[in-house]
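Listed here are the chains, written in short residue letters.
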Amino acid sequence: MAELIDGKAAAAKVVEKVKTETAALAEEGITPGLAVVIVGDDPASQVYVASKSKRAKECGFHSVQHTLPAETAETELLALVEALNADPAIHGILVQLPLPGHIDSARVIQTIAPEKDVDGFHFINVGKLGTGALESTFVPCTPAGAMLLLKRARGTDLSGLNAVVIGRSNIVGKPMANLLLAANATVTIAHSRTKDLPAVARSADILVAAVGRPQMVRGDWVKEGGTVIDVGINRIPAPEKGEGKTRLVGDVAFDEAEKVAGAITPVPGGVGPMTIAMLMANTLVSACRANGRVPPSL
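Everything quoted here is computed from the prediction, not taken from an experiment.

Basis of the calculations
- Residues numbered from 1 in each chain as written.
- Predicted model: local features only at pLDDT ≥ 70, side-chain atom pairs only at ≥ 80, totals over all residues.
- Heavy atoms only, no water.
- Helix = DSSP H or I, 4+ residues; strand = E, 2+ residues; numbered from the N terminus.
- Rg over C-alpha atoms; globule rule 2.2 N^0.38 Å.
- Buried < 20%, exposed > 50% of the residue type's maximum accessible area, 1.4 Å probe, protein only.
- Contact = heavy atoms within 4.5 Å.
- Lys, Arg positive; Asp, Glu negative; His and termini not counted.
- Charge placed at Lys NZ, Arg CZ, Asp CG, Glu CD.
- Pairing = 2+ DSSP bridges.
- Axes fitted to C-alpha atoms, helices over the stretch in contact; angles between N-to-C directions.

**Concerning the overall build of the chain**
Okay, step 1: Within the chain, the regular secondary structure consists of 10 helices and 11 strands.
Okay, step 2: For 298 residues, the compact-globule estimate of 2.2 N^0.38 gives 19 Å, and the C-alpha radius of gyration of the chain, at 19 Å, lies within 12% of that figure.
Okay, step 3: With the C-alpha coordinates aligned to their principal axes, the bounding extent of the chain is approximately 50 × 45 × 35 Å.
Okay, step 4: In the chain, which comprises 298 residues, the share counted as buried stands at 49%.
Okay, step 5: Long-range contacts, defined here as pairs at least 24 residues apart, represent 68% of the contacts in the chain between residues at least 6 apart.
Okay, step 6: Distance from the positive charge centre (29 side chains) to the negative charge centre (31 side chains) of the chain: 3 Å.

This is the structure we're talking about:
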């Protein structure tokens, strides 16, 4: 049976490191600041924003939340982002997606100052990641967390290993591929139009599933002894729990893959907890950079 890669434990270690470093900065009169902006009343977004703001306060950050009505004009939102860009007490700005349909999400994201873009979505940060300038960029939180789990499972040197990333999104698939390249892995990005996808997946020493399709990756897609990083979080019916009940599963058929892989992230409890932890880490890094301090290593 595969070794389980414990995302909860890893996330807790990251958060404790952030708390320690934040306390050290506080002795110098520096407090990392995170501003979270949400537009509208989408229930899932409300939950995510609340958890991010709560964790920021736990870390000792200056935490600000702006909750705007769904009918907020794009110009009003852009003006708020510009004001946060100019606020020296704010080191990280996060605009919760999705935004209402009348607002151009891309325009809003590109208005965030790159040095405060702790989500890593600004084109400047995307470009830096693509060219390997990891020391001066912000990596999107989910792939950053996935990479940390992978390195704890396989070590920091991935040279000579074959990595397959299933999924080509700008939020996970592409940045994950760039992180693996920076770690000297040989990387293939696969997707819905890849020919003989199971065979491609079976070539992977490292298999990253980030497609958003529940249990798509079967056990016979996994190379024996390979490492599986399951980024998917999908809710499916669970009639065994009762009428109308659901449960969370990943993009990998866990029960099958666990019998083949050498190490695997579970869902829930794998990559998921790392996302908010890495957001806290990115905010701390931003505060360090803004004050001429060397960011801590995680």
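**Re the sheet that holds strand β6 (residues 186–190)**
To summarise the sheet geometry, strands pair through backbone hydrogen bonds and adopt either a parallel or an antiparallel arrangement.
Okay, step 1: One open sheet accounts for six strands, arranged β1-β11-β8-β7-β5-β6; its pairing is parallel. Only two strands of the sheet have a single neighbouring strand rather than two, namely β1 (3–4) and β6.
Okay, step 2: Bridge count for strand β5 (residues 162–166) against strand β7 (residues 206–209) is four bridges, and the pairing is parallel. Its bridge partner lying in β7, Ala163 is registered against Ile206.
Okay, step 3: Each of β5, β6 and β7 touches helix α7 (residues 173–182); the most contacted strand, β5, lies at about 170 degrees to it.

**As for the sheet that holds strand β3 (residues 62–68)**
Okay, step 1: Strand order in the open sheet formed by three strands is β3-β2-β4, with parallel pairing between adjacent strands. Unpaired on one side and paired on the other, β3 and β4 (92–95) mark the two borders of the sheet. With direction set aside, neighbouring strand axes in the sheet form an average angle of 15 degrees.
Okay, step 2: As defined by bridge partners, strand β2 (residues 33–39) adjoins β3 across seven bridges and the pair is classed as parallel. When the bridges of β3 are listed, Leu34 appears paired with Ser63.
Okay, step 3: Sheet contacts for helix α2 (residues 43–58): β2, β3 and β4; angle to β2, the most-contacted strand, approximately 170 degrees.
Okay, step 4: Together, β2, β3 and β4 form the strand contacts of helix α3 (residues 74–86), whose direction differs from that of β2 by roughly 180 degrees.

**Structural notes on the side chain of Ser53**
Okay, step 1: Its location among the elements puts Ser53 in helix α2.
Okay, step 2: With a relative accessible area of 6%, Ser53 lands in the buried category.
Okay, step 3: With residues near it in sequence (within four places) discarded, Ser53 still touches Val36, Ser63 and Gln65.

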